[in-house]
Amino acid sequence: MQEATFLILTAPANGSQHGYGIIIDVREISGGRVRLRAGTLYSALASLRADALIVVDREEVVDGRLRRYYRLTPAGTGRLAAEAARLQAAACAALTRLNLAEGMAT
Amino acid sequence: MTDQADLERGYRRLLAWYPREFRRENGQEILAVLMAGARDGQRRPGLAAGAAVSAAGLIIGLALIISDIQVAARGQFPGHSLTADKPLVITVWIVFGLTGVSLWLWTARANGQGRNRARIQSTALFVPATLQLRGTVTRPGSHAGSGVTVLYYGGAVLFVAAWLAGGAAVWLLWRPASTAFFKPPGSAQALHQAHMGRTRPASIVQGTVAASGVSRADPRARAWPGVRRADRPRVSGGADARPGAARQRDDWASRCVPSPFR
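Residues numbered from 1 in each chain as written. Chains lettered and ligands numbered in written order. Predicted model: local features only at pLDDT ≥ 70, side-chain atom pairs only at ≥ 80, totals over all residues. Heavy atoms only, no water.

**Student:** Talk me through the overall build of chain A; I want residue IDs and the actual numbers.
**Tutor:** Across its full length, chain A holds 4 helices and 3 strands. Along the chain direction, N to C, the helices and strands of chain A fall in the order α-β-α-α-β-β-α. Residue burial in chain A is summarised as follows: out of 106 residues, 36% are buried. When contacts within chain A are restricted to residue pairs at least 6 apart in sequence, those whose partners lie at least 24 apart make up 44%. Counting every atom, chain A has about 5,700 Å² of accessible surface; 53% of that belongs to carbon and sulfur. (Helix = DSSP H or I, 4+ residues; strand = E, 2+ residues; numbered from the N terminus. Buried < 20%, exposed > 50% of the residue type's maximum accessible area, 1.4 Å probe, protein only. Contact = heavy atoms within 4.5 Å. Areas by Shrake-Rupley, 256 points an atom, 1.4 Å probe, with all protein chains shown as cover.)

**Student:** Provide a residue-level description of helix 2 (residues 20–37) of chain B, including the pertinent values.
**Tutor:** Helix geometry: helix 2 of chain B is bent most strongly at Asn-26 of chain B, by close to 65 degrees. Of all the positions in helix 2 of chain B, only Asn-26, Gly-27, Glu-29, Ile-30, Leu-31, Ala-32, Val-33 and Met-35 of chain B are classed as buried. Close packing links the buried residues of helix 2 of chain B with helix 2 (19–29), helix 3 (38–50) and strand 3 (65–72) of chain A together with helix 1 (3–15) of chain B. (Bend = angle between axes of the 7 residues up to and from the residue.)

**Student:** Help me get a handle on the pairing of strand 3 of chain A, residues and values and all.
**Tutor:** All names here are of chain A. Here 2 bridges tie strand 1 (residues 17–18) to strand 3, and the two strands are oriented antiparallel to one another. Within strand 3, the residue paired with Gln-17 across the bridge is Tyr-70. In this sheet, strand 3 lies alongside strand 2 (residues 54–62) in antiparallel orientation, the contact comprising 8 bridges. If you follow Val-55 over to strand 3, its bridge partner there is Arg-71. The turn linking strand 2 back onto strand 3 is made up of 2 residues, and Asp-63 within it adopts a positive phi angle of 55 degrees. (Pairing = 2+ DSSP bridges.)

**Student:** So what's going on with the pattern of salt bridges? Residues and values would help.
**Tutor:** Evaluated as defined, the whole model comprises 12 salt bridges over all chains. Glu-29 of chain B is the partner of Arg-68 of chain A in a salt bridge, and the nearest nitrogen-oxygen pair spans 3.1 Å. A residue pair is termed interchain when its members come from two chains, as with Arg-68 of chain A in strand 3 and Glu-29 of chain B in helix 2. Note on accessibility: Arg-68 of chain A and Glu-29 of chain B belong to one class, buried. For Glu-83 of chain A, the salt bridge identified is with Arg-86 of chain A, shortest N-O distance 2.9 Å. Here the residue Glu-83 of chain A and the residue Arg-86 of chain A both occupy positions in helix 4 (residues 74–105), the gap between them amounting to 3 residues, near one helical turn. Of the residues examined, Glu-83 of chain A reaches a relative accessible area of 9% and is grouped as buried. (Salt bridge = Lys/Arg side-chain N within 4 Å of Asp/Glu carboxyl O.)

**Student:** So what's going on with the packing of aromatic side chains? Which residues, and what values?
**Tutor:** In the structure shown here, the tally under the stated rule is 0 aromatic pairs over all chains. Positioned over the ring face of Tyr-69 of chain A is Arg-58 of chain A, at 3.9 Å from the centre of the ring. (Phe/Tyr/Trp six-rings, centres within 6.5 Å; stacked < 30°, edge-to-face > 60°. Lys NZ or Arg CZ within 6 Å of the ring centre and 35° of its normal.)

**Student:** Any details on the sheet that holds strand 3 of chain A? Residues and values, ideally.
**Tutor:** Across the sheet, which stays open at both edges, the 3 strands sit in the order 1-3-2 (chain A) with antiparallel pairing between neighbours. Looking at strand neighbours, the two that pair on one side only are strand 1 and strand 2 of chain A, the edges of this open sheet.

Here is the structure:
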């Protein structure tokens, strides 16, 4: 799973989020590093919807503009959880080895 | 016409490049996101529009070659036949067209990020367009059908329009007001120029280096000071580059708890 996809799934993970909200969330979660463009976001959302990992939760009109809120499906929750666990395991391995190297030298 | 309405019209035009089905489903929503993401006072979608014009040029160029082939195939002009080099011409055309579009998109992105090299890049992209201009106004051969002529002049008008727009963009990019955007006050290059009081080739080089990210702090570099061995925190006591580095390592280690998902 690509990092952008992972972050896009993370944004609505605890409820629902609309398109621009996802862009803001992704920027915050990544510490400003990942800045999604509208084009990138919507091609990702289209394929995530096709894979039934997210669905449209509801639509609102704010200031005359359409806002579509997305939420994870059970399948989406599962995929995100599995991917997060995989990343965590890899990160833990790296940090453990780094600490180990430190311990042996001192 | 307000800035908002101008910008919205510009974005709507760009959305026309999406397939109709996709646009009907997502167009309103994407437009809302584009408008929400626009800078205050922004009136145009930016240089990405240049890429769209490039694409249009590519399509018209292809149509020209194809109709040329059809004319040849019909044997309407006996001097020419469908020669083997036509596929090569088409391939070269597509490669050049796609390269042009990618260059425009890359430049547009750099411009949006306020990188100074983007201005230089835009100007450099403008030069081949100027050289191409001479070829564009050459008349098509009299043997070509009227359809070809219409396509040809249509393409030429579009190309000249794009060239004029490009020239205006390059001129605007080098205005003092734009300089404030590309060299924010306090940047190394702005300070340098404040000292020197003029632009020198050296400062342009420095600006390019600065824009390439060497002087802009990369959040990744802050999070972990380097994958390279030389950048790692020192192992043996001594002068660790970052105070508190040891404490932070402990934090990381404590976060390594067994995953609840396994």
